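Examination of the molecular architecture
Chain by chain, the residues:
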Amino acid sequence: MNNPRKVVIIGSGPAGFTAAIYAARANLSPLMFIGSQPGGQLMLTTLVENYPGFVEGIDGPPLMELFQKQAARFGTELIQDDVTAVDFRRNPFAVTAREVTVETQTVIIATGASAKLLGLENESRLMGRGVSTCATCDGFFFKDQDVMVVGGGDTAIEEALYLSRLGRKVDVVHRRGTLRASKILQERAFKNPKINFMWNTTVEDILDPAQGKVKSARLRNHKTNTGWEVEVDGIFIAIGHQPNTSLFEGQLDLQPNKYIKVKPGTTQTSVPGVFAAGDVQDYTYRQAVTAAGSGCMAALEAERYLEEHYASH
Ligand code: NAP
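Residues numbered from 1 in each chain as written. Predicted model: local features only at pLDDT ≥ 70, side-chain atom pairs only at ≥ 80, totals over all residues. Heavy atoms only, no water.

**Quick word on the site of the ligand**
The ligand sits among 13 residues. The nearest are Asp154, Thr155, Glu158, Arg176 and Arg180. Within the backbone of Gly153, a nitrogen or oxygen atom sits 3.3 Å from an oxygen atom of the ligand. Separating an oxygen atom of the ligand from a side-chain N or O atom of Arg176 is a distance of 2.6 Å. Contact with the protein chains removes 69% of the 920 Å² of surface that the ligand exposes when unbound. When its residues are assigned to classes, the shell around the ligand shows 2 nonpolar, 6 polar and 5 charged. (Near = heavy atom within 4 Å. Polar contact = N/O pair within 3.5 Å; in protein donor to acceptor, adjacent residues only side chain to side chain. Areas by Shrake-Rupley, 256 points an atom, 1.4 Å probe, with all protein chains shown as cover. Nonpolar A, V, L, I, M, F, W, Y, C, P; charged D, E, K, R; others polar.)

**Observations concerning the domain arrangement of the chain**
Taken domain by domain, the chain holds domain 1 (5-114 + 241-310) and domain 2 (117-237). Relative placement of domain 1 and domain 2: their C-alpha centres are 31 Å apart. Across the boundary between the two partners, domain 1 contributes 8 residues, which contact 8 residues of domain 2. Both sides together, the interface formed by domain 1 and domain 2 hides about 690 Å², and carbon and sulfur atoms give 49% of it. If you look at where domain 1 meets domain 2, you find 0 salt bridges. (Domains from an automatic or database assignment. Contact = heavy atoms within 4.5 Å. Buried area = accessible area lost by both parts, 1.4 Å probe. Salt bridge = Lys/Arg side-chain N within 4 Å of Asp/Glu carboxyl O.)

**Thoughts on the pairing of strand E13 (residues 195-198)**
Where strand E12 (residues 169-173) and E13 come together, 4 bridges link them in parallel fashion. Counted as the bridge partner of Val172 is Phe197 from E13. (Pairing = 2+ DSSP bridges. Helix = DSSP H or I, 4+ residues; strand = E, 2+ residues; numbered from the N terminus.)

**Observations regarding the environment of Ile9**
Structurally, Ile9 can be placed in strand E1 (residues 5-10). In this structure the C-alpha to C-alpha distance between Ile9 and Gly139, which are 130 residues apart in sequence, comes to 32 Å. Sequence-distant contacts of Ile9, that is, excluding residues within four places in its chain, are made with Gly16, Ala19, Ala20, Pro30, Leu31, Met32, Phe33 and Ile108.

**Section: a positive patch on the surface**
A surface patch of positive charge is lined by Lys116, Arg175, Arg176 and Arg180. Of note, Arg180 is situated in the loop between E12 and helix H6 (183-191). (Patch = residues over 30% accessible without salt bridge, like charges linked within 9 Å, V, L, I, M, F, W, Y side chains within 5 Å. Lys, Arg positive; Asp, Glu negative; His and termini not counted. Charge placed at Lys NZ, Arg CZ, Asp CG, Glu CD.)

**A look at the nonpolar core**
The biggest cluster of nonpolar side chains holds 31 residues, and the ones touching the most others in it are Ile9, Phe17, Leu63 and Ile108. With 7 residues, the single largest contributor to this core is helix H7 (residues 288-309). Those residues in contact with Leu63, other than ones at most four positions away along the chain, are Leu42, Val48, Tyr51, Phe54 and Ile58. Counting residues in each nonpolar core, the second largest holds 21 residues, with Val86, Val95, Ala97 and Phe248 among its members. (Core = buried A, V, L, I, M, F, W, Y, C linked by side-chain atoms within 4.5 Å. Buried < 20%, exposed > 50% of the residue type's maximum accessible area, 1.4 Å probe, protein only.)

**Regarding the packing of aromatic side chains**
For the structure shown, the criterion picks out 10 aromatic pairs. On the basis of an interplanar angle of 5° and a centroid distance of 6.2 Å, the ring pair of Phe88 and Phe248 is categorised as stacked. Here Phe248 lies in the loop between strand E18 (241-243) and strand E19 (274-276) and Phe88 lies in the loop between strand E6 (83-87) and strand E7 (93-97), a separation of 160 residues in the sequence. Accessibility classification places Phe88 together with Phe248 in one group, the buried group. These aromatic residues form a ring-pair network of at least three members: Tyr51, Phe54 and Phe67. Above the ring of Phe74, the side-chain terminus of Arg25 is found at 5.1 Å from the ring centroid. (Phe/Tyr/Trp six-rings, centres within 6.5 Å; stacked < 30°, edge-to-face > 60°. Lys NZ or Arg CZ within 6 Å of the ring centre and 35° of its normal.)

**Brief notes about the pattern of salt bridges**
This structure, assessed with the given rule, holds 10 salt bridges. One salt bridge connects Arg98 with Asp81, and the closest N-O pair in it is separated by 2.9 Å. Taken together, the residues span a long stretch of sequence, with Arg98 in the loop between E7 and strand E8 (101-109) and Asp81 in the loop between strand E5 (77-79) and E6 at a distance of 17 residues. Close ionic contact of Arg218 with Glu229 constitutes a salt bridge, the shortest N to O distance being 3.7 Å. Taken together, the positions of Arg218 in strand E15 (residues 216-221) and Glu229 in strand E16 (residues 226-231) put the pair 11 residues apart, joining distant regions of the chain. A residue is classified by how much of its surface remains accessible, and Arg218, at 36% relative accessible area, is partly exposed.

Right, here's the structure in full:
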């Protein structure tokens, strides 16, 4: 095996690329596994209007292309492959993809999280065309329109409250008769005249793929077994996220909800020299700009760690 790398970055959303830009500019020659489908969750978004610096907004995929170009410009080595295994019990650490195993003194994990979806065919067809997994990102496009939120947890209710400030009407469709969301959010939502609840109800289909945009949702109340259709302009799926951490189970301390545990205010994981940035360790803010910020923190912390442990990096 060749000499160990100084920094290996796993994942290629805003956190991973920002870590790469900082690490490359600090002369750490980072190697980045960008995965077989690079770009992270922004690849599923259309217009991004809340990433600073883009006055008119920018679509998610070209934004990620810019991130990647900027990381490459400073010499980040990019490998378009999925990491299949890591070994943090040895030193240097080992990171294995399908065709290579790389040894490295530090690792920055930025594998993100994936929004859970209902699994309907038209849901993926209309993703970014009326179907969204992020009200903060896309709510603005539904000003004075009718929208639907699916789910009954904190995220669903927060999204419904947020959307009620923009939209005309918000239907919350929940599969049970009681919410999982915290009482305070529930009370706020119940008091909100724009929010209407549809209990014990599931979404059976989203229409109309032929028009290339969301026009309605087909629903079913499974207590009464009645089906009906509701006209809506946007559907926000808020049934939870899954952090992409299966690779790290047993090697790093995870939270009960499987997000990576970091020392508060840092990106340090339970293994010194392994850092975690972006949505893989953040279930609160989940924004591109906060992910990018924590990617910067991870690179600076990795640089400091290398200085302390490997005198002349
Ligand atoms: P969550 O608490 O897991 O809730 C997911 C919701 O989606 C549940 O109501 C669940 O229904 C429903 N659901 C799951 N799969 C479904 C499916 N296939 N079809 C229809 N409905 C489905 O997820 P979350 O709301 O994203 O919250 C995640 C964590 O972040 C929680 O710990 C939450 O407290 C925290 N969080 C906190 C805040 C805050 O404090 N302000 C804001 C956001 C999130 P059931 O209820 O029937 O299981």
